[in-house]
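Analysis of the macromolecular model
Spelled out from the first residue to the last, the chains are:
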Amino acid sequence: MNTEEITKLETSAEEEVIELEVDLGQPCPYYLGDNIVNYFPEYLRRFPHDKVVVVSSRIPNELFGDALFQALDSQGASVIRLVIDDRESSKNWRTLSSLCEALIEAGVTRDSILVALGGGVVGNVVGLAAGLVFRGIRYVEVPTTLMAQTDSVLSRKQAINGSTGKNQFGLYHTPLFIWSDVAYSRREPVRQTRSAVVEGIKNGLVNSPEWLDELIGILQAGIDNVYQNFEQFTLRLVQSKLSILERDPNEKKEAIILEYGHTFGHAIEWLSRGSIYHGEAVSIGMCTAAHLSLEMGLMEKDVLELHYYVLQELLGAPVRVPEELTPAQICNAMLSDNKRTSTGLSCLLLEKPGRLYRPNGSYLTKVSPEQVRQALQAAGSDRCDS
Ligand SMILES: NC(=O)c1ccc[n+]([C@@H]2O[C@H](COP(=O)([O-])OP(=O)(O)OC[C@H]3O[C@@H](n4cnc5c(N)ncnc54)[C@H](O)[C@@H]3O)[C@@H](O)[C@H]2O)c1
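Predicted model only: the values in this text are computed from it and were never measured. (Residues numbered from 1 in each chain as written. Predicted model: local features only at pLDDT ≥ 70, side-chain atom pairs only at ≥ 80, totals over all residues. Heavy atoms only, no water.)

Section: the nonpolar core
Grouped together as the largest cluster of nonpolar side chains are 81 residues, with contacts concentrated most on Tyr30, Leu154, Ile201, Leu219, Phe233 and Tyr260. Take this core: its biggest share by element is nine residues, from helix H13 (residues 278-295). Residue contacts for Tyr260: discarding those within four places in its chain leaves Lys202, Leu205, Val206, Val282, Met286, Ala289, Ala290, Met299, His307, Leu348, Leu350 and Leu356. Judged by nonpolar contacts, the second largest core, of 25 residues, contains Tyr39, Leu44, Val54 and Leu68. (Core = buried A, V, L, I, M, F, W, Y, C linked by side-chain atoms within 4.5 Å. Buried < 20%, exposed > 50% of the residue type's maximum accessible area, 1.4 Å probe, protein only. Helix = DSSP H or I, 4+ residues; strand = E, 2+ residues; numbered from the N terminus. Contact = heavy atoms within 4.5 Å.)

Structure representation (structure tokens):
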């Protein structure tokens, strides 16, 4: 037993694990800590079960699967381990149906609990499988990326992609609890950390100028600064999303503001087949939405410039629509977006930090293909010289 493990045994879960009360349609406690895997079985035991199925993907399974398995096994749990493909291009029916069949073959019952150990793709596929098997069994989120810890798990929405677009098939299913260990996310490549921070910037742009200023202050000292107190930084990102979600835990109305930049972003992420990460695509999507807001006379130019300053200069995230994607391709992919209604293309548009355009009580504004094309062209050219 190494010194770190001895220290852990001498401290208690109450000292090491922060608990946030989260409402995702149902109460869903969010536990946060640094190197807290050994406490996990104690929290899981609060929910009687016959067996635990840990579903992971290659990298998180190799990095963290054994320690989680040993923690559960040493407490006498009956544990089965499954591994799925977590590429964005594999977030589809094939992966979902193979997982559902493997769960039945592994002997899951209505008393079993699934544990999703991985990034947002694993969380979405496992959450959806948990919602489908026997019309719904229990599951727990153990997110291993900063994106999953601070964004994707804070949602009841579980979805896979279809053959023409992102997140076309899904359902709402709330986990029993979320177990967020920054010892996992600290090991991610910095490109993935940057991608996650984009969603935090979005939360500031749509909801809280104060949080945006705080984040700007952190990023002005460089991306390395976020690792200085990574647990605290993760907590602040989580809170930035919760302050929106608490007004609409069921994600049916107000929470749509979380989708700023996502109609463009999802189309770009989808067309790139995963080579552009989710947060990177949202960064490009927000800049495009800002150009559109400017063109429509809703936003001043300094707000557009703020997008480029925070996302490009401070964070170093991509902001330009990739040259290889034509406006026609992106428009087509946008037409498959899950926010599409019978009235055609709709977007969220921003007036200034903390205020989205909301003309008739709805945040979704109908836009024409020509307006979209112009905004995409502007966002594909240099900086904000539209
Ligand atoms: N409401 C929602 O449900 C919601 C919200 C935001 C994002 N999402 C979805 O989440 C997905 C993106 O999630 P993501 O950014 O976590 O990406 P991801 O799940 O694709 O993971 C990215 C990569 O990181 C690897 N990885 C996981 N943990 C790691 C670690 N600790 N160290 C090193 N590598 C690690 C994975 O194996 C994968 O290769 C997208 O499909 C997006 O649509 C869903």
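Text resumes after the structure shown.
Points about unusual backbone geometry
Although it is not a glycine, Asn167 sits at a positive phi angle of roughly 50°. Despite not being glycine, Arg273 has its phi angle at roughly 55°, a positive value. With respect to the secondary-structure elements, Arg273 resides in the loop between helix H12 (262-271) and H13. What makes Arg273 exposed here is its relative accessible area of 54%.

Points about the site of the ligand
Near the ligand there are 26 residues, and of these Asp86, Glu88, Thr144, Thr145 and Lys166 occur at the shortest range. Take Gln192: an N or O atom from its side chain is 3.1 Å from an oxygen atom of the ligand. Relative to its unbound accessible surface of 860 Å², the ligand loses 86% to contact with the protein. Secondary structure elements with two or more residues in the shell around the ligand: helix H4 (58-73), helix H6 (120-132) and helix H7 (146-152). For the shell around the ligand, the element with the most residues is H4, which contributes four residues. The residue makeup of the shell around the ligand, split by class, is eight nonpolar, ten polar and eight charged. (Near = heavy atom within 4 Å. Polar contact = N/O pair within 3.5 Å; in protein donor to acceptor, adjacent residues only side chain to side chain. Areas by Shrake-Rupley, 256 points an atom, 1.4 Å probe, with all protein chains shown as cover. Nonpolar A, V, L, I, M, F, W, Y, C, P; charged D, E, K, R; others polar.)

Quick notes on the pattern of salt bridges
Under the definition given, this model contains 15 salt bridges. Residue Glu269 pairs with Lys166 through a salt bridge whose shortest N-O separation is 3.2 Å. Taken together, the residues Glu269 in helix H12 and Lys166 in the loop between strand E7 (157-160) and strand E8 (169-172) connect sequence positions 103 residues apart. There is no split in this pair, since Glu269 and Lys166 are both buried. A salt bridge links Arg191 to Glu280; its shortest N-O distance comes to 2.7 Å. With Arg191 in helix H9 (residues 190-207) and Glu280 in helix H13, this pair connects stretches of sequence that are 89 residues apart. Residue classification places Arg191 among the partly exposed positions, given a relative accessible area of 35%. Overall, the relative accessible area of 8% leaves Glu280 in the buried class. (Salt bridge = Lys/Arg side-chain N within 4 Å of Asp/Glu carboxyl O.)

Re the packing of aromatic side chains
Aromatic ring pairs are described here by two measures, namely the spacing of the ring centres and the angle between the planes. For the coordinates displayed, the defined rule picks out eleven aromatic pairs. Ring centres 5.6 Å apart and planes at 75° place the aromatic pair Tyr31 and Phe177 in the edge-to-face group. Placement of the pair is Tyr31 in strand E2 (residues 30-33) and Phe177 in the loop between E8 and strand E9 (178-181), with a sequence separation of 146 residues. Like Tyr31, the residue Phe177 is buried in the burial classification. Judged by centre distance (5.9 Å) and plane angle (20°), the ring pair of Phe47 and Phe177 falls under stacked. Taken together, the residues Phe47 in the loop between helix H3 (40-44) and strand E3 (52-57) and Phe177 in the loop between E8 and E9 connect sequence positions 130 residues apart. Phe177 sits in the buried class, given a relative accessible area of 1%. Through a chain of ring-to-ring contacts, the aromatic side chains of Tyr31, Phe40, Tyr43, Phe47, Phe177 and Trp179 assemble into a single cluster. (Phe/Tyr/Trp six-rings, centres within 6.5 Å; stacked < 30°, edge-to-face > 60°.)

What about the side chain of Glu351?
Examined against the element boundaries, Glu351 turns out to sit in strand E11 (residues 350-352). A distance of 2.6 Å separates the side chain of Glu351 from the side chain of Arg355, its partner in a polar contact. Setting aside chain neighbours within four positions, we find Glu351 in contact with Leu298, Met299, Glu300, Val303, Leu356 and Tyr357.

Looking at the pairing of strand E6 (residues 138-143)
Most of E6 sits out of view: five of its six residues are buried. Bridge count between strand E5 (residues 113-118) and E6: six bridges; the pairing is parallel. Counterpart to Gly118 in the pairing with E6 is Pro143. (Pairing = 2+ DSSP bridges.)

A look at helix H15 (residues 327-334)
Buried within H15 we find Ile330, Cys331, Ala333 and Met334. The buried residues of H15 occupy an angular sector of 165° when the element is viewed end-on, so they sit on one face. Seen from the open side of H15, the exposed residues pointing more than 90 degrees away from its buried face are Ala328 and Asn332. Summarising the contacts, the buried residues of H15 are in contact with H12, strand E10 (346-348) and helix H16 (369-380). (Arc of directions from axis to C-beta.)

A few points about the packing of H15 against H16
Where H15 meets H16, the axes come as close as 10 Å, and the angle between the chain directions of the two elements is 125°. One way to sum up the angle between H15 and H16 is to call them oblique. At the point where H15 passes H16, the crossing takes the right-handed sense. Of the residues in H16, those in contact with Pro327, Ile330, Cys331 and Met334 of H15 are Pro369, Val372, Arg373, Leu376 and Gln377. Of the residues contributing to the contact of H15 with H16, the split by class is seven nonpolar, one polar and one charged. (Axes fitted to C-alpha atoms, helices over the stretch in contact; angles between N-to-C directions. Parallel < 35°, antiparallel > 145°, perpendicular 65-115°, else oblique. Left-handed = near helix turned anticlockwise from the far one by under 90°.)

Focus: the side chain of Glu254
Here Glu254 is to be found in the loop between helix H11 (230-245) and H12. Its relative accessible area of 18% is what places Glu254 among the buried residues. Setting aside its immediate chain neighbours within four residues, Glu254 contacts Arg247, Asp248, Arg358 and Tyr363.

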